[in-house]
Amino acid sequence: MLSVVRVHLPSEIPIVGCEITPYVLLRRPDGAVSTDDVPETAPTDGQFMRYRWYRIQSDRKVPICSVHPMEQATIQCLGCLKSKIPVAKSYHCSAKCFSDAWQHHKVLHERASSALNENGAEEDELFGRFGSGGSGVLSTAGSGSLSNFGQSPSNGPVPLYPSGTDKNSGETWFEVGRSRTYTPLADDIGHALKFECVAVDAEKRSPMGPPTSIMTSRVIPAPTPTPRRLIQVNGDVLGHLDLDSQTSSLGTFTVLSYNILADAYATSDAYSYCPTWALSWTYRRQNLLREIIGYHADIICLQEVQFNHFEDYFAPELDKHGYQALYKRRTTEVYSGNPMAIDGCATFFRRDKFSHVKKYEVEFNKAAQSLTDAIIPAAQKRVALSRLIKDNIALIAVLEAKFGNQGAENPGKRQLLCVANTHINVHQDLKDVKLWEVHTLLKGLEKIAVSADIPMLVCGDFNSTPGSSPHGLLAVGKVDQLHPDLAIDPLGILRPPSKLNHQLPLVSAYSSFARMVGVGYDLEHQRRRMDPATNEPLFTNCTRDFTGTVDYIFYTADSLTVESLLELLDEESLRKDTALPSPEWSSDHIALLAEFRCKPRIRR
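Below or above, wherever it landed, is the structure these notes cover. This one's a predicted model, so the numbers in the text were calculated from it and none came from an experiment. (Residues numbered from 1 in each chain as written. Predicted model: local features only at pLDDT ≥ 70, side-chain atom pairs only at ≥ 80, totals over all residues. Heavy atoms only, no water.)

## Side note on the overall build of the chain
When helices and strands are tallied, the chain shows 12 helices and 30 strands. Once local pairs closer than 6 in sequence are excluded, the contacts in the chain between residues at least 24 apart make up 73%. A total accessible area of about 27100 Å² is found for the chain, and carbon and sulfur atoms account for 51% of it. (Helix = DSSP H or I, 4+ residues; strand = E, 2+ residues; numbered from the N terminus. Contact = heavy atoms within 4.5 Å. Areas by Shrake-Rupley, 256 points an atom, 1.4 Å probe, with all protein chains shown as cover.)

Okay, here's the thing in structure tokens:
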């Protein structure tokens, strides 16, 4: 007889938009134990599994804190209600929570105010200023002006057919799903869910015993990060572009670079400070996709994309939004796990803006083999390869712009663009390998540049901080022969140091913030997020163990100019008590995005 052995949930905390697939262990009629489903369309020995999901709705509904979704809300921002901001974002668990989050929360007010074309005086009257008595801003439990949290905002229309009511507890069960998987909706926020499964006789259509059930905790809204603005940087004018409505102007295009943190590395051991539900792939993938799509980039360069996640999720989902995909998986000489879970680099581009011309794949393992064959004695080759072979790769795409060359100097000439996407060796004690990989990539790009005079972008996670030799090679075109990194060269692969150069006129896109001339609050705000010694962001990677810059977008300054940049984050933006990843930000890296314009070509 078909029966249920055990049921448990991947996470007890359900999040809006994140599908839940319970683990159901079945004993089949032949005695075998398996997690394979037995659907009604394919019964076994005349039996199949029936699934039901219920929302348990209580007379007393519970609002959830928008900052700490595990906490019940006790105060509500009235400014949010007046400006018609989604009500879920108005809740906070304490006055301290609201105070700590105010710098981020007020961005919602500013955006709502801007959308309504309100002037500054009206905004002050509507929202007030936190710390000045809170007039018009907060409603708090225990005060005469507070919202009655026993009457929470409506969750919208309920299902038409309640399945039952417990008069003693005041609970009503509403059937909300009839499949093994369920995706919580906004209507479920604040309510627990119940999952039931039972074996059914296919002929009689009746259950073969009592159902097995399991309860979730209350459904919480998906935390969302503070919106990041696109800031204009061309000339000495600083302006703001709304990403929600932003589309590149004629002749410009945007490029996003983002290490999304592969699921294989997102473990509780590595990121113990992040809630386990926020580390789960079912949560992170939808949070990452929402963030990536929200940037509206024309070209997307992602690192640490697992092969199975590229095939099953990112490629098909981004295809729905008009992107064509290219992918290069890391090589597997070192990796010994599931080959489907190995990560790589994925490059996406809008089909209406670009067409694919050519793809190059750089495997540093192959370059290492060639190098050792050429310069390493046979007796030392094995040791050399064990140091050099780290499975890192680069994906290079040559694209043709469909918006055309905007200059009159070369009418009708094809506008090509070369985009390199890479993830460089992570080991901090292998500085020679990092530098050698970057040098190898740049030499490959030089060959492309010689064959075709086209603009170039070099994006990725270089695992190299500003001031390191790989960063110097990229940004300056050479390495100082007295650089301390060159002291670590046991294989002699960096000799002579004079060979460590390239002729590409590369510039870091984010250095534009430091080079800008002008004054103003927003400009100074971005400058405080830059390192004045290196003209790079203070950080692009932020964990409990490391905070620093390792991600970059480089461009050839003779053929491209930076028009605008995605604003940088600071300690406040990441909240004072956390690091990355977090419920709001689903990677330990932050995304970088730049808007470029092709410079007119000059006939020589």
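## Looking at the sheet that holds strand β19 (residues 354–363)
Where strands meet in a sheet, backbone hydrogen bonds hold them as pairs that are either parallel or antiparallel. Overall, mixed pairing links the six strands, which are arranged β19-β20-β21-β22-β28-β23 in an open sheet. Single-partner strands in this sheet number two, and they are β19 and β23 (506–508). On average, adjacent strands in this sheet sit at an angle of 20° to one another, irrespective of strand direction. Relative to strand β22 (residues 456–461), strand β21 (residues 416–423) runs parallel, the two being bridged by six bridges. For Thr422, the partnering residue across the bridge sits in β22 and is Gly460. Against the sheet, helix α9 (residues 431–451) engages β19, β20 (393–401), β21, β22 and β23, with an angle of about 160° to β22. Along the sheet, helix α10 (residues 469–476) makes contact with β22, β23 and β28 (551–556), crossing β28 at roughly 25°. (Pairing = 2+ DSSP bridges. Axes fitted to C-alpha atoms, helices over the stretch in contact; angles between N-to-C directions.)

## Overview of the sheet that holds strand β3 (residues 33–34)
Taken together, the three strands give an open sheet; going across it, the order is β1-β2-β3, and neighbouring strands pair in antiparallel fashion. This sheet does not close on itself; its edge strands, each paired only once, are β1 (3–8) and β3. Here two bridges tie strand β2 (residues 23–27) to β3, and the two strands are oriented antiparallel to one another. Paired with Arg27 across the bridge in β3 is Val33.

## What to know about the pairing of strand β16 (residues 299–306)
Counting buried positions along β16 yields eight of eight residues, so the element is predominantly enclosed. The pairing of strand β15 (residues 252–259) with β16 spans five bridges and is classified as parallel. Along β16, the bridge assignment pairs Ser257 with Cys301. Inspection of the sheet shows β16 paired to strand β18 (residues 343–350) by six bridges, in the antiparallel sense. Across the sheet, Ile300 pairs through a bridge with Phe348, a residue of β18. (Buried < 20%, exposed > 50% of the residue type's maximum accessible area, 1.4 Å probe, protein only.)

## Examining the nonpolar core
By size, the foremost hydrophobic cluster in this structure holds 66 residues, and its most contacted members are Phe253, Ile299, Phe348, Phe354, Leu457 and Phe596. A total of six residues in this core trace back to one element, the largest contributor, which is helix α6 (residues 307–320). Not counting the four nearest positions on each side in its chain, Phe354 is found in contact with Phe253, Asp298, Ile299, Phe349, Leu399, Glu400, Ala401, Lys402, Phe403 and Leu417. Ala394, Trp436, Leu441 and Leu486 belong to the second largest nonpolar core, which has 41 residues in total. (Core = buried A, V, L, I, M, F, W, Y, C linked by side-chain atoms within 4.5 Å.)

## Re the pairing of β2
Where β1 meets β2, five bridges bridge the pair, whose relative direction is antiparallel. The residue of β2 that forms the bridge with Val4 is Leu26. Between β2 and the antiparallel strand that follows it, β3, lie five residues; Gly31 among them carries a positive phi value of about 95°.

## Examining the pattern of salt bridges
Evaluation of the coordinates by the stated rule reveals 24 salt bridges. Note that Lys366 is salt-bridged to Glu363, the shortest N-O span being 3.7 Å. Given the relative accessible area of 56%, Lys366 is considered exposed. The salt bridge partner of Glu563 is Arg597, with a shortest N-O separation of 3.8 Å. Of this pair, Glu563 sits in strand β29 (residues 560–566) while Arg597 is found in strand β30 (residues 592–598), placing the two residues 34 residues apart along the sequence. With relative accessibility at 28%, the residue Arg597 sits in the partly exposed group. When salt bridges with common partners are traced through the structure, they connect Lys328, Lys359, Glu361, Glu363 and Lys366 into a single cluster. (Salt bridge = Lys/Arg side-chain N within 4 Å of Asp/Glu carboxyl O.)

## Thoughts on the packing of helix α5 (residues 281–294) against α6
Running from amino to carboxyl end, α5 crosses α6 at an angle of 35°, the nearest separation of the two axes being 11 Å. Between α5 and α6 lies a crossing whose hand is right-handed. In this structure, α5 contributes Trp281, Arg285, Gln286, Leu289, Ile292 and Ile293 to the contact, and α6 contributes His309, Tyr313, Phe314, Glu317 and Leu318. The residue inventory of the contact of α5 with α6, partitioned by class, reads seven nonpolar, two polar and two charged. (Left-handed = near helix turned anticlockwise from the far one by under 90°. Nonpolar A, V, L, I, M, F, W, Y, C, P; charged D, E, K, R; others polar.)

## Looking at the environment of Gln306
Position of Gln306 among the secondary structure elements: in strand β16. Along the sequence, Gln306 and Ala262 sit 44 residues apart, while their C-alpha atoms lie 6.1 Å from each other. If we skip the residues at most four places from it in the chain, Gln306 touches Ala262, Asp263, Ala264, Tyr327, Met340, Ala341, Ile342 and Asp343. One polar contact links Gln306 to Asn308, side chain to side chain, over a distance of 3.2 Å. (Polar contact = N/O pair within 3.5 Å; in protein donor to acceptor, adjacent residues only side chain to side chain.)

## Some remarks on the packing of helix α7 (residues 364–375) against helix α8 (residues 381–388)
If you want to describe how two helices pack, look at the angle between their axes and the distance between the axes. At a minimum axis separation of 10 Å, α7 and α8 run at an interaxial angle of 150°. Judged by the angle between their axes, α7 and α8 are roughly antiparallel. Crossing hand, α7 versus α8: right-handed. Of α8, the residues touching α7 (which contributes Ala368, Gln369, Leu371, Thr372 and Asp373) are Lys381, Ala384, Leu385 and Leu388. (Parallel < 35°, antiparallel > 145°, perpendicular 65-115°, else oblique.)

## Observations concerning the packing of aromatic side chains
Counted under the stated rule, the structure contains 22 aromatic pairs. On the numbers, 5.8 Å between centres and 90° between planes, the contact of Phe253 with Phe354 is edge-to-face. Pair noted here: Phe253 is in strand β15 and Phe354 is in strand β19, with a separation of 101 residues, a long-range link. Here the two residues Phe253 and Phe354 agree in accessibility, since each one is buried. Counting every residue linked through ring pairs, the aromatic cluster contains Phe253, Phe354, Phe403, Tyr555 and Phe596. Note that Arg329 overlies the ring of Phe307, its terminal NZ or CZ placed 4.3 Å from the centroid. (Phe/Tyr/Trp six-rings, centres within 6.5 Å; stacked < 30°, edge-to-face > 60°. Lys NZ or Arg CZ within 6 Å of the ring centre and 35° of its normal.)

## Some words on the environment of Asp588
In this fold, Asp588 is placed in the loop between β29 and β30. Between the alpha carbons of Asp588 and Ile260 there is a distance of 7.6 Å; along the sequence they are 328 residues apart. Excluding its chain neighbours within four sequence positions, the residues that come into contact with Asp588 are Leu261, Tyr271, Thr540, Asn541, Cys542, Thr543, Leu580 and Pro581.

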